[in-house]
Each structure stands twice: as structure tokens, then as C-alpha cells.
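The residues making up each chain are set out below.
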Number of protein chains: 4
Amino acid sequence: MCKPIKIGVLGLGRIGMLHSRNVASMPQFQIIAAADPYLNPDMESNAMALGIPMVSKDPQTVFDHPEIEAVLIASATETHSDFIIQAAERNIAAFCEKPIDNNIERIEKALCAVKKSGIKLQIGFVRRFDRHHARLQALVSQGKAGEVNLLKITSRDPSPPTYEYVANSGGIYVDMMIHDFDMARFMVGSEVDEVFAAGTVLCDPLFEKAHDADTAVVTLKFTNGALGVIDNSRRSGFGYDQRIEVLGSKGCLMDQNPSDSNVLYCDNEGIHAEPVQHFFLERYNDAFVNELRQFANSMHDNTPMPVTGFDGLQAVLIAEAADRSAVSGKFEKVRRISI
Amino acid sequence: MCKPIKIGVLGLGRIGMLHSRNVASMPQFQIIAAADPYLNPDMESNAMALGIPMVSKDPQTVFDHPEIEAVLIASATETHSDFIIQAAERNIAAFCEKPIDNNIERIEKALCAVKKSGIKLQIGFVRRFDRHHARLQALVSQGKAGEVNLLKITSRDPSPPTYEYVANSGGIYVDMMIHDFDMARFMVGSEVDEVFAAGTVLCDPLFEKAHDADTAVVTLKFTNGALGVIDNSRRSGFGYDQRIEVLGSKGCLMDQNPSDSNVLYCDNEGIHAEPVQHFFLERYNDAFVNELRQFANSMHDNTPMPVTGFDGLQAVLIAEAADRSAVSGKFEKVRRISI
Amino acid sequence: MCKPIKIGVLGLGRIGMLHSRNVASMPQFQIIAAADPYLNPDMESNAMALGIPMVSKDPQTVFDHPEIEAVLIASATETHSDFIIQAAERNIAAFCEKPIDNNIERIEKALCAVKKSGIKLQIGFVRRFDRHHARLQALVSQGKAGEVNLLKITSRDPSPPTYEYVANSGGIYVDMMIHDFDMARFMVGSEVDEVFAAGTVLCDPLFEKAHDADTAVVTLKFTNGALGVIDNSRRSGFGYDQRIEVLGSKGCLMDQNPSDSNVLYCDNEGIHAEPVQHFFLERYNDAFVNELRQFANSMHDNTPMPVTGFDGLQAVLIAEAADRSAVSGKFEKVRRISI
Amino acid sequence: MCKPIKIGVLGLGRIGMLHSRNVASMPQFQIIAAADPYLNPDMESNAMALGIPMVSKDPQTVFDHPEIEAVLIASATETHSDFIIQAAERNIAAFCEKPIDNNIERIEKALCAVKKSGIKLQIGFVRRFDRHHARLQALVSQGKAGEVNLLKITSRDPSPPTYEYVANSGGIYVDMMIHDFDMARFMVGSEVDEVFAAGTVLCDPLFEKAHDADTAVVTLKFTNGALGVIDNSRRSGFGYDQRIEVLGSKGCLMDQNPSDSNVLYCDNEGIHAEPVQHFFLERYNDAFVNELRQFANSMHDNTPMPVTGFDGLQAVLIAEAADRSAVSGKFEKVRRISI
């Protein structure tokens, strides 16, 4: 077995702890330090339980660790770009949660630093590593459905988040649908050229207050001519609804929502299958491990990262075009930026 | 269009009326007379509503009708054989509900008369004409699953019938499982050689009182070496459960219970499909029409009947072996009778 | 049984013959005359085989029949309005195939005549009478899914029609998606306020030549606030793809494509279900009979028609807004017209 | 986190290595020694790769390890009883692969030793820990289906094993169906009273040569009156077929074969789902980990083992009755032995 990668964790909130728990259980990694500016006793004891030897409020202690080989960036979105730049300066690999940043200029700077330094950067589009979606993509790219004509993505949360979450989220397109924008590029194998967004508030008035939408339908035109449509809702009423469908020239591929078990119950009222997995923690549990295994493999084998900074930028650019379209009521072009 | 077949109906109970309604709506037939020894005003007005011109208590009025070309025998089981013999004597075709008879000697006499006269006789094993079972059989006979190794049939009523029905039914093997014995021969394309029957009372004590079983598992050995297993219950709790599975050397074919619609409903408790069709009237509605259409076609084209007197006899012989096995607790040979 | 309605058929092309065959087999109707300006020997012999006593090239012979009680209008679209007006003048009921007309002014005139005369008019939106869609709508209207938030309709033909058909069709929105526009109003129980249409050519260059699209995604805003999205393709590659999904505040309802049988086949390559029904003739076969049965019932009981001229007009107005949107690239309001 | 249990492994064949890999990756255990009398260089290097510090041909080196707390017995079946007795003598816990032994006298001696010493013993009926089967059992025991009337188990291997395997397996009932006998008791919550077995050779003549069956149908009578039926085949032709169905007084529960992904592909030939998981390594992968996690929990919390020596004995006694029935052709009583 190879020597584990010495990794530092930035951010110990919900998603930072999720990654830390996974990394701690993987032989490919050794967490040598973690930092969170909002560190509280709970975070500290959780980190300790995972055997993280050094926990502080200051990210510099992580970057300054003499043996550091990689950082896992799961801090507040607006800090991502700066941490990527610091990783580039220290010449260490970085795994960065989505989105890279909500500010496109800062993303450009970060990606320039990455390019110049040649460090490895992976963006955390975890859904690419879900076995159902990954299998669907593999079949599409093998030509099973022929030329892609139409992509459909349904992505719905079980129930709305809090007002605090929504008010700071950047809006439905960059917070929630950004996963689907990445998935769209992944599935179709082509860039998105134009975006049309129709959003409204139907689930909870809190979205009105936050000047956000909770239900949205977005139409995509890809550069290869294919059409796409994504629907998002903050309230499915039945669990985490994550379905993808690809209509091609030869047929149609689709995946379905997994349940925790395949048990069926038949009575006079019908045939009842088990509930769909509740939320992303259940549905993408294995995918979170898979994406980090791939990150380790790419570092070890010196191969390209499976989701690059370029990918991370495109998703933000599509979200930005969706924001513009929601205002203009017409198709908006996705900006092209070369790094 | 050809001239309709002039047919008489014997028996105007539940199944006789069901057939009469179907026959009355089919251009292939014209009902010219009907008789039922227990004729009551309800039956009479139902028959009249279908436009049957002559209704009586005396079956002879049907047989004596000068234009009669065929009879549909849906009277009490113990009258079937005699009616078949009369049809043979008058040289007219007969469609006879299952079972031919519960008495094997009487069946022999009836089939001898059929053979001697050369009349056409079809037995009402309606399930062969269900599109799901028929498609399954077609695929099996085309070799889709390879050589048949194991046949499984599940056949369950939604809820137990009355004591009166059960007490006069002849028991679960000849009344209920006889359909499955016919289906077994139809699917495997081989005769049943030995039968092992295990029955018990679990649904309702009325079966105890009637010296009958309400739940039964029967193992079959076919002459071609294949194994079979049938389970029957008088209470599924969820509708009419009718499933067939064929395991072959190359794979497995199975059919599923149809519902009235394909609508799914997803909520926090699961994914709910519509109830299975409730009973044989819903499930085999089209099949009842199909079997009579085939009867008309065979008369018209002078081709063999799709379910013969031989088929009818075999199912009764298997049921008789099952009855013996339920007593002896061991495999019993199916009797062979040549007509 | 009531006396059959004496009906005349206008148009003996594919859809006219389909209706004629159904009407001829239904005890509720008696076809007393039929006309088609392009009458050919084939049509004539088909009509004769159905027992239609009078067949001509001149529609007036139908309207002038002394016993006529209703007309079934299945002629070229541009003749519909005029025939409706003639029915109004003669005070007879009319069943008119969709669309009422491609010209909105002519529709207005026809509906004014209907209003003034008080005759019964049913428009042939057959999908409302499909048992799967009808069951879904019933559940939605019973509140099973709560308030409707998002409607999704997928509607795809198995493979493209001929250039001749396309060139005279009026385009994908008025020819094909008009069914989905009607279904959208039926499911949501609210009018469509705004439409956004994105169409392109991906299936066959013949659509380019005909200045039409073969693949289209349309976003709808309903007056009750709900969103809708419809996708159409002229080539599914796997049969007639007709699925509807309603996301509500309490859960999600959806229907699935039926197959001819429920048989499954399992082998090393997977679990294989039977093909989806091929095209509208198979899928909506029963629905075509159901809509005419309802037409007869409404005439007989003097109750409102299940699909009215108002319904027919709305679908055309939505299609017209979609046409405008496909040009403007933005949301277009659906015109409101009061008759 | 608690201190890991120091465990020794007996047997490094296929199943021993599978367990060793799982145990090595679980924080609950530390493997301190392993032994296999047929130790070869491959086994040795595999064991080394897992970090097992001591590997020998002599099981005594394992039992004699001064820190040993538990043994995992995955050696040849005829050695199980003796190893259990040695564990009892040293007062350490034992996890023993199924079956305990093929010789019932030896099982009695082993279980007496366990009883006298009070050591913890878990038998490796892994299927109880599969999430689909476990969920089904939980629902049955919660009364979801009401009183159990009929249990059906289908259990089929993808393709026949080698002659060498079969010749030493003890036959289909004790080698393969023993899992189903355990599952039957687990699901119904009642002991098996009588067994009827019908077996034959349909998959491969090698079974004839080994005086074994490759296809078998077994009927069970439970002491609570329920009926059961199990079908086994050594060749499903489509992967590892593992389905359970429980018909109760209120409805029917069933589980289905999982696939590696939920992707569907629709084309003109049908709707195709992904293949069923191929064999027990894929299907019961997580269950193998779960059973050992439970073993650790029971040791740690000093709670009863989830599958006891009593359970292990009953399954062997049912298999023994099945062997007798296959010869006698009638129901055979399951022997009752009290330890």
C-alpha cells in the first residue's frame, strides 16, 4: 500500500465534517491539520474524535504545516479562491467544494494561479461520482442512445432550507442548480451556449423575502445543437428527487431514484415501494467517498483531475447566465472566458 | 363479414351470463336460445335485455332449435358431460366451461362421443387467452428462456368465497388449482407425471368445516423432467394475484399482475402504484372474449380448437392426483387414460 | 337500450376512418352518411364494409340528410370551422377533430355560431380519455398531490412523418404539441398565461426544409402561478412516449408508458420489459372509443360536452403564442378572446 | 472509540480471505493471527498485505496467542465443531461460518461445550444482514402483512460450480438451501416441523455423477401452521437470484433482486434494466461486514448473538430432513434436539 497523502482541512461546518469523516476512514489519506475561523467546542471535539492532531481557527496553520501535500477546501464560498491561490503558491494539490466562487473575477485569478503553478485542483461536483449517474454517463458516452438530442434533469430537495441559508446562498441557480449545470455538461459532452430561466415562488414565502425562487425551469441550448431542460424545486414532498434522462437518436436512457431497500408491499390500496432516499447525505454518501478516492488516485498516478477548475468555472458561468435570463425573460448567452 | 354462428346457451348463472353478454356483443355469434333449470325472473330479464329470443327452463328447447350450430355449456358441472354427449348426437359444436366434469368416467364417455361424432369441443380454460400469459407462453415456446427447468405459478383469490360455494366446489384442487394445472401444461409443453400436494386452512375456518384447504402448495414433475410448483390461496389481501414464472436454461421469464392504470404516487411513505386488478372479472375480461373469438374462428376455418377435450381431461386427472397426494402425503402418479 | 344517434361522417382519411370504425361498432350510433371531397375507391369500399348506406364527395349530402342528428368532422383542418357553422345552422351536434382550425378568426366565427344556436360541440382531444392520463387527472383534482407546483409533459412520436405531412401540418406547436397544451390545462385546472418555446431540428433535415422544428421544449406559466414544461420530439426511437408528471405541495404523481404485456425477461444482459406501445393507434385506441361514448352520453343526457369549443380555442391560442415565442426568443402572453 | 477486539482467523480460503479483508478494514477488530493447514504462498502474501502479523499452518498457534479474544472459523466444515470446542475451552468468542457441521452429533458436542462455557457463538448466516431481507423481516415482524400464511424463497446461483466443489459439498440441501432454511425460520418466526423435498438434475450432468440435485423444490410446514416453499437452482442464467415473498392475512411483502445501477434503456426492443448483481460476493458484500459489526457489538455490549448455535443447528436439522424426504418421497419430520 502506498503512503497516505497528508491533507489539511479548511472548514469544519456540515460539509467540511462530512469530508473529514470520509477522509479519516480512507487509507489513502492522513489528516494532519484542520482549521475553521468559526471553530467551536463541538467542531473541536468532532475533529479530535477523528484523530486530527492539530485544529485551529487560523487557516495559515494548515498551509504552514511542514508536511502538507494537499488541502480540502470546504470553507465559506467567498474564501475558496484565496485558498486555491495559497495552495498554488505552496505548490500543493487542492480539492475545492462547489462553487469555486460566486465572483467570476476571483475565479479567474484563482485559475490563473493554478495554471501558472501547475498544481492539481479538483472541484467537488459529487454527483458525477454517484454510481447511477456515472453509469448513465458511461452509456451515453459509449453511444448507447446515439447522438444526444434532449437532456432532462430533475433535481428537487425534500423540503425548503432556512431563511438564513437561502439569504446567503447566492440564489437557486448558483446554489442548487449549479450541480445540474455541471451534470448537463458531463452528460451531453458539450458546452452550454444559451440559457433561459423561469423561476417562481411556490413552496415558501421565505424565498420571496430573500428575492429568490424556489421552483425553476431552465432551458439549455448546447453548442452541439442539443436541447436541455432542468427543473428544480426546493420541496419534492417525497425525498431527494434526482433523475436524469437522455433522449438520443437511437433511444432513451434514464436513471431512477434509489430507495434504501427493494421491498414491495401489496395491499388493497396498491403496491407500495419504499421511500426514495431522503436527502443528499443518503443519496450521495458513497459518491462523496468516490470523489476523494479519485482525487487521491489522480495525485498518486499524476493523471488529470476528474473535475477541473475549468469545469468549476463553466458551471458558475451558466448560473450567471441563468440569473441574467431570469431578469430579462429571454435566452442569454453563457460568457466565454479563457484562462 | 361471415354469417354469425347460431349458438344456444346452457346455464344463466354468473358465468353463463358473463359469456352471454360477450357473445351478444360479438358479430361472430347470434344467440338463438338459452335455458337454465333454475331460471328466475332476474335471469329472464337479463337474457331478454341481451335480445335472446327464446329462454326456458328446459335445455331440450335449446338442443331442439332447428337452426342451432353450437352450444355454450355454462351449467352446473355435473351436467357438462351429458350436454357434450347431446351436442355430439346432434353434430353441433360445443364450448364447455371448466372443469369438463368432476367424474372421470363421465368425462371418458363424453370424449368418446366427441371423438366418434367428430364435433368440435373447446374447454373454457380462459387464462390461456390472457395477453400477458399468452405472451409468456409464446416466448417460452419460441425458446427465449431455453429448455424449461422450473415453472412457478402463483394464483390467489382476493378473499374467500361463501361456505355454500366451497361446500359444492369439489375442493381447492379441482375448483381453483385446475386452472393452474392447465396453465402448467400450456407453459411447459409437457404432461404432468407426478403430483405432491400440501394444503391447509389458514384463511377461514369455513374451509375446515367443508373438509377443504384454503392454502396449498403443489409440486409437479413433468414427463420432460422439469419441476413445477403452484401456490394457491383463497385470500391474497390485495386483489387477484396471478403470476407465472418460467426458469429455463438461458434465463427467466415472468409476468406481473396488471393494474387499472400505470399512475405512480410518491410521498414521504414511499412510491405507490395502483392496486392490482381485483378479481377474475377484471383481469380476464378480455380473455373471455378472446377464447370465444377463437372458438368462432376454429369453427369457421375448420381448424383444431385451441383447448381440447384432451386438455380438459388432463387438468381433471392432475387435480385427482393432487387430491390423492393430499391424503397420502407423497408423490402420486397422474392417471393416463386413452380415449 | 336507447335509440342510436344518427350521425354523418365528414372526411374518410386515416382519422375519419378510425372514427368511423369505432362509431360503426358502438350501439350508441348509427352512421347514416359519409362524405369526402377526395373520395377514392378504397375509401368507398371501406365505408361500405362498415355498412354506411350513403357515401359521396359532397358534404352537403350529409348535412341535407333528413334524419341527421350529429356530424363527426374529421376532414382537412381548414374546413372544420365552416362545417361547425353548418351544424349550428341545422341545429345538430358536432364532434370535431383537433385543432378546430389554424385560423383564429374562423374559430371565433364558428364558436359564435355554436353559442348562438346552442348546439353541442365536442373537440377531439382524445388523450383526456386515456385511462392512465384520466386517472392521473382525477387524482390531481382530488388533491392527492396538493397544490400543483410543476407540470411536466413528455410527448414523442416514434419516428418522423413524411415531408408532405410536415409541410402541411402548421408546425410542431399547432400540429403535435397542441395535444399537450390541452393536457396542461386539463391537468393543472388553470389557464396558461405565458409561453416560452425553444425548438430546433435534430431528427431529420426535412423539418429544416419545412421551416419547422422536430424537437422542442416549451415552458408555461399558468394563471394560478404554477410552472409547466413540455418536451416534444418527432423521434423517440422506442415507441410512443407519453408521460405526464405533476409535482404538488404534498408529493408527485406520474404516469408511465404502457406496454402490450407485463412480461419480463431476465438474462445476463439485464431485465427486459416489453416495448412501449408503438404509436397513437395502439396507445389511444380505447380512448378514441371513450371520447365518442362520452359524446353520445352528453347528447343523450343533455349534459355539457367534456371538451368544449372554448377548450379547443385555448389550445390553438397557446400554440399561436408558442409560435410567436419561437421567433422572439422570450415569453409571450397567450391572447384572451371572449366569444 | 473502544479498543479493537483481538481476533484470530482459522481458514484462509475464499470465504476466510473475504472475512479477513472485511475484519482488517473494520476499526472494531485487530487480526492478531491466522492459520490454514493448506497454507500456500498466495494465502501468505494476501494475509501479509492485510497486515496480519502471524500466519501459520497450525491452528494451535492462533488459539495459543496470549491476547486472543475471539476466533473467526472459516475452515473446512468438518473442523468447525472441534474449533468451537477449543474456543469454549479457552473461553473466547467464536464466529463460525455456516454450516456448523454436517455431522449432527459433533454439533451437539460443540453446542454443549458452548453452553457449559458460556462463550458467545455467532453462526455466519449472512443473508439475515442484507438490507433488503432485513427490512422485509422487520416489516413481517411488525405485523405489516398480518399473520404469515405462506413463505416463498427463490435462491439460484448464476451457474453451476465445479465437480470438485459439488462432490464435497454435502449436497444441495446442506450446502445451498441451508441459507434458505435459516431465512425461513427468520422470516416466519416459527420452527419448521415437516419438510418435503423434490430434487432433480437439469443444469449439468456433473450433479448426477455426484449423486446430487441441481434443481430442487422444498415444501415446509411450520409449527405455527404456515406453509413455505423454497426453490433452488444452480443455474439462473441471469445472476444471483435471491427473492423472498411473505403472504400474510393482510397482504403480501416481497423483495426484489438489486442491480448495480437503476439506469433504464428504452429502445424498439423494450425497456432494459441493468443486470441483477452477479453472485453472493456482490449481493451480500455489505451483509458480510454487517454480520461482523453485529458480532463485535454483541461482544462489546454483552448482548445475545444475532444468530446463535441453536439457529445453526436447526438449519442443519431441516437440511437433514430434506435429505431424508428426497429419498422417501414424502413429508419428513425435522428432528428435535435439546442441548
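Every value quoted in this text rests on a predicted model; they were computed, and no experiment measured them.

Calculation rules
Residues numbered from 1 in each chain as written. Chains lettered and ligands numbered in written order. Predicted model: local features only at pLDDT ≥ 70, side-chain atom pairs only at ≥ 80, totals over all residues. Helix = DSSP H or I, 4+ residues; strand = E, 2+ residues; numbered from the N terminus. Rg over C-alpha atoms; globule rule 2.2 N^0.38 Å. Buried ≥ 20, exposed ≤ 12 C-beta atoms within 10 Å, placed from the backbone. Least-squares fit on C-alpha atoms with pLDDT ≥ 70 in both. Contact = placed C-beta atoms within 7 Å. Domains from an automatic or database assignment. Nonpolar A, V, L, I, M, F, W, Y, C, P; charged D, E, K, R; others polar. Pairing = 2+ DSSP bridges. Expected span 1.5 Å × (residues − 1). Arc of directions from axis to C-beta. Axes fitted to C-alpha atoms, helices over the stretch in contact; angles between N-to-C directions. Parallel < 35°, antiparallel > 145°, perpendicular 65-115°, else oblique. Left-handed = near helix turned anticlockwise from the far one by under 90°. Right-handed = clockwise from strand over helix to strand, strands pointing away.

Explain the overall build of chain A here, please?
Helix and strand counts for chain A come out as 13 helices and 15 strands. The C-alpha atoms of chain A give a radius of gyration of 20 Å, which matches the 20 Å a tight globule of 339 residues would have. A principal-axis box enclosing the C-alpha atoms of chain A has dimensions of 60 × 50 × 45 Å. Expressed as a percentage of the 339 residues in chain A, the buried residues total 56%.

Can you help me understand the relation of the copies chain C and chain A in this one?
Each copy of the chain is related to the other by a rotation around an axis and a translation along that axis. With an RMSD of 0.0 Å, the operation that places chain C on chain A is a rotation of 180° combined with a shift of 0.0 Å along the axis. In symmetry terms, the pair is related by a two-fold rotation axis. Residue Lys330 of chain C of chain C places its C-alpha closer to the rotation axis than any other residue of that unit, at 2.2 Å. A shared interface surface links the copies, since 100% of the contact residues of chain C are contact residues in chain A too.

I'm lost on the domain arrangement of chain A in this one. Help?
Where interface size is quoted, it is often the accessible area lost as the parts come together. Residue and element names in this part refer to chain A. Splitting chain A by domain gives domain 1 (5-119) and domain 2 (130-283 + 315-333). Each of domain 1 and domain 2 was reduced to a C-alpha centroid, and the two centroids are 28 Å apart. In this assembly, six residues from domain 1 lie in contact with six residues from domain 2. Among the residues making up the side of domain 1 that touches domain 2, the classes are represented as four nonpolar, one polar and one charged.

Quick question: what am I supposed to make of the interface of chain C and chain A here?
On the side of chain A, 27 residues touch chain C, which itself brings 27 residues to the contact. Counting only elements with at least two residues in the side of chain C that touches chain A, the list comes to strand S7 (148-156), strand S8 (192-200), strand S9 (215-222) and strand S10 (227-233) of chain C. A breakdown of the residues in the side of chain C that touches chain A according to their chemical character gives 11 nonpolar, 11 polar and five charged.

Any chance you could explain the sheet that holds strand S6 (residues 121-123) of chain B here in plain terms?
Taking strand neighbours across the sheet as the criterion, the six strands line up as S3-S2-S1-S4-S5-S6 (chain B) in an open arrangement whose pairing is parallel. Both outer strands of the open sheet, strand S3 (55-56) and S6 of chain B, are each paired with one neighbouring strand and no more.

Which parts of the structure should I look at to understand the environment of Ala93 of chain C?
All names here are of chain C. Tracing the chain through its elements places Ala93 in strand S5 (residues 93-96). On the neighbour-count criterion, Ala93 (21 C-beta atoms within 10 Å) is buried. In the structure, Ala93 is positioned 26 residues away from Ile119 in sequence and 5.5 Å away in space, judged by C-alpha atoms. Apart from residues lying up to four places away in sequence, Ala93 is in contact with Glu69, Ala70, Ile119, Lys120 and Met299.

Looking at this structure, how should I read helix H5 (residues 104-117) of chain B?
Three- or four-residue spacings in an α-helix give side chains the same orientation, since the helix completes a turn every 3.6 residues. Residue and element names in this part refer to chain B. Its 14 residues give H5 an end-to-end C-alpha distance of 20 Å, which sits within 8% of 20 Å, the value for a rise of 1.5 Å per residue. Along H5, the positions that sit buried rather than exposed are Ile107, Ala110, Leu111, Ala113 and Val114. Taken around the axis of H5, the buried residues stretch over an arc of 155°, which confines them to a single face. Seen from the open side of H5, the exposed residues pointing more than 90 degrees away from its buried face are Glu105 and Lys116.

I tried to follow the interface of chain A and chain B on my own but got confused; where do I start?
If you look at the interface, chain A gives 13 residues, while chain B gives 13 residues. For the side of chain A that touches chain B, the elements supplying multiple residues, two or more each, are strand S13 (264-267) and strand S14 (270-273) of chain A. In terms of residue count, S14 of chain A provides more of the side of chain A that touches chain B than any other element does, four residues in total. The sheet contact formed by S14 of chain A and strand S14 (residues 270-273) of chain B spans three bridges and is antiparallel. The residue bridging Ala273 of chain A from the neighbouring strand is Ile271 of chain B, located in S14 of chain B.

How should the packing of helix H4 (residues 80-90) of chain A against helix H5 (residues 104-117) of chain A be read in this particular structure?
Packed helices, taken two at a time, are described by the angle their axes make and the gap between the axes. Residues and elements named next belong to chain A. Contact geometry for H4 and H5: axes closest at 9 Å, N-to-C directions at 15°. In terms of orientation, H4 lies roughly parallel with respect to H5. When the axes of H4 and H5 are compared, the crossing they make is left-handed. Residues Ser81, Ile84, Ile85 and Ala88 of H4 lie in contact with H5, whose contacting residues are Arg106, Ile107, Lys109, Ala110, Ala113, Val114, Lys116 and Ser117.

For this particular structure, what's the right way to read the sheet that holds strand S4 (residues 70-73) of chain D?
Residues and elements named next belong to chain D. Read from one edge to the other, the open sheet built from six strands follows the order S3-S2-S1-S4-S5-S6, with strand pairing classed as parallel. Looking at the sheet topology across the chains shown, the edges are occupied by strand S3 (55-56) and strand S6 (121-123). Relative to S4, strand S1 (residues 5-10) runs parallel, the two sharing four bridges. Each residue of the ladder has a partner; that of Gly8, found in S4, is Val71.

Explanation requested: the environment of Ile339 of chain A in the structure shown.
Residue and element names in this part refer to chain A. Summarising the element assignment, Ile339 is placed in the segment after strand S15 (332-333). For Ile339 and Phe310, which are 29 residues apart along the polypeptide, the C-alpha to C-alpha distance reads 8.6 Å. Not counting the four nearest positions on each side in its chain, Ile339 is found in contact with Glu108, Leu111, Cys112 and Lys115.

Help me out: how do you make sense of the packing of helix H1 (residues 14-25) of chain A against helix H12 (residues 285-301) of chain A in this one?
Residues and elements named next belong to chain A. Their axes nearest at 10 Å, the elements H1 and H12 cross at an angle of 65°. As for the relative orientation of H1 and H12, their crossing is right-handed in sense. Here Leu18, His19, Asn22 and Val23 of H1 come into contact with H12, specifically with Phe288, Val289 and Leu292. Here the contact of H1 with H12 is built from residues that sort into five nonpolar, two polar and no charged.

What should I look at first to understand unusual backbone geometry in this one?
Backbone phi values are negative for most residues with the exception of glycine, while trans is the configuration of most peptide bonds. Residue and element names in this part refer to chain A. Look at the link from Lys98 to Pro99: it is a cis peptide, with omega at -15°. If you trace the backbone, Pro99 turns up in the loop between strand S5 (93-96) and H5. Positive phi outside glycine occurs at His211, with the angle close to 55°. Looking at the element boundaries, His211 is found in the loop between helix H10 (206-209) and strand S9 (215-222). The exposure class assigned to His211 is exposed, which follows from the 10 C-beta atoms found within 10 Å.

I would appreciate a short explanation of the pairing of strand S14 (residues 270-273) of chain D in the present structure.
Regular strands show a simple pattern: their side chains alternate between the two faces of the sheet. All names here are of chain D. Both strand S13 (residues 264-267) and S14 contribute to a ladder of four bridges, which runs antiparallel. Opposite Asp267, over in S14, you have Gly270 as the bridge partner. From the end of S13 to the start of S14, which pair antiparallel, there are two residues.

Explanation requested: the pairing of strand S4 (residues 70-73) of chain C in the structure shown.
Residues and elements named next belong to chain C. Across the two faces of S4 the burial is the same, with Ala70 and Leu72 and Val71 and Ile73 all buried. Looking at chain direction, S4 and S5 are connected through four bridges and run parallel. Bridge pairing links Val71 to Ala94 in S5. This β-α-β element, S4 to helix H4 (residues 80-90) to S5, shows right-handed connectivity.

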